[in-house]
Amino acid sequence: MMQSPSPTSSTVADSDSDKPVAPAHAAPVETTPATGDEHSFDAPLSIHDMTVAYHRKPVLWDVDLDLPEGRLIAIVGPNGAGKSTLIKAVLDLVPMVSGRVLVYGKPYRRQRALVGYVPQRESVDWDFPVSALDVVTMGSYRKIGWLRPVTRKWRDLAMESLHRVGMADYAHRQISQLSGGQQQRVFLARALVQQARIYFMDEPFAGVDAATEKMIIRTLQDLRNQGQTVVVVHHDLQTVPEYFDHVILLNMRVVAHGPVKSVFTAENLQKTYGGRLTLLDEAAEALRRAGGK
Amino acid sequence: MLWTSFDTWIVVLGALSAMACALLGNFLVLRRMSMMGDAISHAVLPGLAVAFLVTDSRASLPMFVGAVIVGIITALLVQFLSRFGKVDEGASMGVVFTTLFALGLILIRRAADQVDLDVNCVLYGDLNYAAAAMVRIGPFRVPEAAVILGIVLTINLLFVVLFFKELRISSFDPELATTQGFNAGALHYVLMTLVAVTAVASFDVIGNILVVAMMVAPAAAAHLLTDRLGSMVVVSLIIAAISAAIGHVGATIVPQYLGFSGTSSAGAMAAATGLIFIAAVLFGPRRGVTSRMWHRLQLSLRIAQEDLLSGLYRQEERGVAKVPASGAPSLTQWLVRRRLLQQEAIERVDGHFALTPRGRKVASRLLRSHRLWETYLVDQAALRADQTHKTAEQLEHLTDAALQQRLALDIATPTHDPQGKMIPPE
């Protein structure tokens, strides 16, 4: 299993060349369908008629999606549009009222190995007594299995992953001693050790510094170039065309989805954000003026 | 007073139950559900009462089973109320356990006519009785409670050691645990079951109050003192055991020396663990109050030192080379001068302080930062030249070599500041 050469992964390959790190299609053999041809027709993720409700109030209505493979995909929409809920419903973290989710043609529960997840940074307690390395190792727990201890091999793998996101020097820091950007990098490293084929990331750019944002998007592009599919809940409309290939415009329903070029239009954004976008525009304009530039 | 084997058994019993409680307490504290221990250990009362009324005996096993079942029901009810009643989890615990405890009281009252099932015993336990009720195990005679608590502690230890990885991930990030195929919910209920088992096994020895204290205080103190889960668990066990020993000594021996009669050992054990927790808050190495005060003191001393150095440097620029060494300095001044003399940054020259070459080097670096900042603030932040001194005064202490370099690159005239004073070269 050779890695495609890329600037960030080459350093890792050098340090330990016979151990593949997040190789393209690292899927364990048992999870590939019996007929090898069939799987190329299965989308990384297909959602049929998904409806999700909290306390009987619908949050997502009739979501139908088929995501293409090997793309960087943004989910955008106003607050309360159900962006995080969509991801959580796919991952079985919130119950669906109705609908069906298939990951590479099979129910998610049978395909956990193929799916990586980066929750929102605020969703965990950063005072928790663990080191950055401990957190990254958690990405391997499924492979380690119940009751088996975390051995050297898994720590080495986590270390390589930290190296890849430029955090090797911080491996033994307790996580509360890291900045917001560094914490997000640790989460990214944890996703990388999962060696998944489709990743879901909930606002990986929230509250990070500019250098980290660049680093994260470069890593995501590397994953994409290796054939993985990356789905990102994203807030900054400005950077959507620059960062992403595909976009899902969401506001309780899927307003539009497809390649950024054809779907990310003023008209569709207007539909997604309703009257709110004009206010956003004004706010952005006010911000620019206040900045003096 | 003599220390007898009876005292030893009291400490052993206290330590065993305290450690059993503290072990599970780590995960309650980390999951921010410390009060769950409180809730479950109180709510088991109706389970005891019903088991007694049904089986009409005080045999341990049915009572035990009844209490554990009610303990688990408590955990379920709390979850149910907070999820479907949209109530905050703390409030839902409060409602559930007080209601169940009250129900238990009523049931015991009804049963009390027939037999002595004592509510006081539930709240305070009876260490003296437990330490005296011996059974024979092989060649040894040990208190029955020690056997039971030993088994419970062993079960808890096995649970934590075997499921360490699973407990860590499901406490830190339950969602990730679930996506990894570890059923965080199942682990939660196993934990709650063990909390109920531990509470029931402990309360007639050390009482409900101490159970609650030991489930929270040792783990909370250990959390302040450590930054890895493994060391937190170990430290919490040590704190629990030490609290038991200190508590008994404090309750029996110390008061007698002072001319009082002994007091409740279990109560003193709870007080001891509380004191250890307070000590951890005050003296914890990183998060402790005193260590933070110490760091702040160090910082303000450093700033005062640097201010003296740059002051001397400015005077040299103006031709007044010295600061008089006479007069009574304030404590801070005295400390600052003493440290600078020790570092050979300043020296005494006929009754005055003057910079040594070493001190001058430090001072010129500070002045450079200061004047670079003044220039930068005028250039880039459009401040008036006379507004910049205060800000630059603060920033100079926080500017390292790398930042200094970037500052020099960012301004137009890296040789003179807005007032025309020379910026010392590197």
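Since the model is a prediction, treat every value here as computed from it, not as a measurement. (Residues numbered from 1 in each chain as written. Chains lettered and ligands numbered in written order. Predicted model: local features only at pLDDT ≥ 70, side-chain atom pairs only at ≥ 80, totals over all residues.)

1. A few points about the overall build of chain B
At step 1: Looking only at helices and strands, chain B has 17 helices and 5 strands in total.
At step 2: Its C-alpha atoms give chain B a radius of gyration of 32 Å, clearly above 22 Å, the size a compact globule of 426 residues would have.
At step 3: Within chain B, buried positions represent 43% of all 426 residues.
At step 4: Taking the intrachain contacts of chain B between residues at least 6 apart in sequence as the baseline, contacts between residues at least 24 apart amount to 69%. (Helix = DSSP H or I, 4+ residues; strand = E, 2+ residues; numbered from the N terminus. Rg over C-alpha atoms; globule rule 2.2 N^0.38 Å. Buried ≥ 20, exposed ≤ 12 C-beta atoms within 10 Å, placed from the backbone. Contact = placed C-beta atoms within 7 Å.)

2. Side note on the environment of Ile303(B)
At step 1: Among the secondary structure elements, Ile303(B) is positioned in helix H13 (residues 289-318).
At step 2: Ile303(B) gets classed as partly exposed once you count the C-beta atoms within 10 Å, which come to 16.

3. Details of the pairing of strand E5 (residues 352-355) of chain B
Residues and elements named next belong to chain B.
At step 1: Residues Phe 353 and Leu 355 point to one face of E5 and are all buried, whereas His 352 and Ala 354, pointing to the other face, are not buried.
At step 2: As defined by bridge partners, strand E4 (residues 346-349) adjoins E5 across 4 bridges and the pair is classed as antiparallel. Each bridged residue has a counterpart across the sheet, and for Val 349 the counterpart in E5 is His 352.
At step 3: A loop of 2 residues connects E4 with E5, the two strands running antiparallel in sequence, and Asp 350 in this loop sits at a positive phi of about 25°. (Pairing = 2+ DSSP bridges.)

4. Things to note about unusual backbone geometry
All names here are of chain A.
At step 1: If you check the backbone angles, Asp 49 has positive phi at about 50° while not being a glycine.
At step 2: Look at Asp 49 and you get partly exposed, because 13 C-beta atoms sit within 10 Å.
At step 3: Positioned with a positive phi, Asp 92 is a non-glycine residue whose angle comes to about 70°.
At step 4: Counting through the fold element by element, Asp 92 comes out in the loop between helix H2 (83-90) and strand E4 (98-103).
At step 5: Look at Asp 92 and you get partly exposed, because 15 C-beta atoms sit within 10 Å.

5. Some details on helix H11 (residues 229-257) of chain B
Residues separated by three or four positions in an α-helix point in the same direction, a consequence of the helix having 3.6 residues per turn.
At step 1: In this model, H11(B) (29 residues) spans 41 Å end to end at C-alpha, consistent with the 42 Å of a helix rising 1.5 Å per residue.
At step 2: Taking the largest bend as the criterion, H11(B) deviates by roughly 40°, centred on Gly250(B). (Expected span 1.5 Å × (residues − 1). Bend = angle between axes of the 7 residues up to and from the residue.)

6. Considerations on the packing of helix H6 (residues 180-193) of chain A against helix H7 (residues 210-225) of chain A
All names here are of chain A.
At step 1: In the contact formed by H6 and H7, the axes pass within 10 Å of each other and the chain directions differ by 15°. Relative to H7, the element H6 lies roughly parallel. The handedness of the crossing between H6 and H7 is left-handed. Every residue of H7 that contacts H6 at Gly 181, Gln 184, Arg 185 and Leu 188 is listed here: Thr 212, Met 215, Ile 216 and Thr 219.
At step 2: Classifying every residue of the contact of H6 with H7 gives 3 nonpolar, 4 polar and 1 charged. (Axes fitted to C-alpha atoms, helices over the stretch in contact; angles between N-to-C directions. Parallel < 35°, antiparallel > 145°, perpendicular 65-115°, else oblique. Left-handed = near helix turned anticlockwise from the far one by under 90°. Nonpolar A, V, L, I, M, F, W, Y, C, P; charged D, E, K, R; others polar.)

7. Focus: the domain arrangement of chain B
At step 1: Split into domains, chain B comes out as domain 1 (5-285) and domain 2 (293-410).
At step 2: Between the C-alpha centres of domain 1 of chain B and domain 2 of chain B the distance comes to 57 Å. (Domains from an automatic or database assignment.)

8. Focus: the environment of Val118(A)
All names here are of chain A.
At step 1: Mapped onto the fold, Val 118 is located in strand E6 (residues 115-118).
At step 2: Take Val 118: there are 26 C-beta atoms within 10 Å of it, and that puts it in the buried class.
At step 3: In the structure, Val 118 is positioned 85 residues away from Glu 203 in sequence and 8.6 Å away in space, judged by C-alpha atoms.
At step 4: Residues within four places of Val 118 in sequence aside, it is in contact with Phe 187, Leu 188, Ala 191, Met 201, Asp 202 and Pro 204.

9. Observations concerning the sheet that holds strand E8 (residues 229-233) of chain A
Residues and elements named next belong to chain A.
At step 1: A sheet is described by the order of its strands in space; here 6 strands give the open sequence E6-E7-E8-E3-E9-E10, paired in mixed fashion. Every other strand in the sheet has two partners, leaving E6 and strand E10 (253-259) as the edge strands with one partner each. Put simply, the sheet's adjacent strands are angled 15° from each other on average, direction ignored.
At step 2: Those strands touched by H2 are strand E3 (72-76), strand E7 (198-202), E8 and strand E9 (246-251), and its axis lies near 140° from that of E7.

10. Comments concerning the confidence of the model for chain B
At step 1: For chain B, the average pLDDT comes to 86, and 95% of its residues sit at 70 or higher.
At step 2: If you check the scores for this complex, the pTM reads 0.78 and the ipTM reads 0.78. (pLDDT = per-residue confidence, 0-100.)

11. What about the confidence of the model for chain A?
All names here are of chain A.
At step 1: Taken over all residues, the pLDDT of chain A has a mean of 83, while the share at 70 or more is 80%.
At step 2: Predicted confidence in chain A is weakest over helix H1 (residues 7-15), with a mean pLDDT of 39, and strongest over E8, with 97.
At step 3: Here residues 1-40 scores under 50 on pLDDT; set against residues more than four positions off or in separate chains, the count is 52 contacts.

12. Re the nonpolar core
All names here are of chain B.
At step 1: Judged by nonpolar contacts, the single largest core of 174 residues is most densely connected at Leu 13 and Leu 149.
At step 2: It is helix H10 (residues 184-225) that contributes the most residues to this core, 28 residues altogether.
At step 3: Residues within four places of Leu 149 in sequence aside, it is in contact with Leu 13, Leu 16, Ser 17, Ala 20, Ala 201, Ser 202 and Val 205.
At step 4: Among the nonpolar cores identified, the runner-up in size contains 11 residues, and Leu 308, Val 336, Ala 345 and Ile 346 belong to it. (Core = buried A, V, L, I, M, F, W, Y, C linked by C-beta atoms within 7 Å.)

13. Focus on the pairing of E4(A)
Residue and element names in this part refer to chain A.
At step 1: Strand direction decides the pairing type here: strand E1 (residues 45-54) and E4, joined by 4 bridges, are antiparallel. Across the sheet, residue His 48 finds its bridge partner in E4, namely Arg 100.
At step 2: Across 2 bridges, E4 lies against strand E5 (residues 106-107) in antiparallel orientation. When the sheet's bridge partners are listed, Val 103 is paired in E5 with Lys 106.
At step 3: Taking the residues between adjacent antiparallel strands as the criterion, E4 and E5 are bridged by 2 residues, where Tyr 104 takes a positive phi near 45°.

14. Here's the deal with the sheet that holds strand E2 (residues 57-67) of chain A
At step 1: In spatial order, the strands read E2-E1-E4-E5 (chain A); together these 4 strands make up an open sheet with antiparallel pairing. One side of each edge strand has no neighbouring strand; the edge strands of this open sheet are E2 and E5 of chain A.

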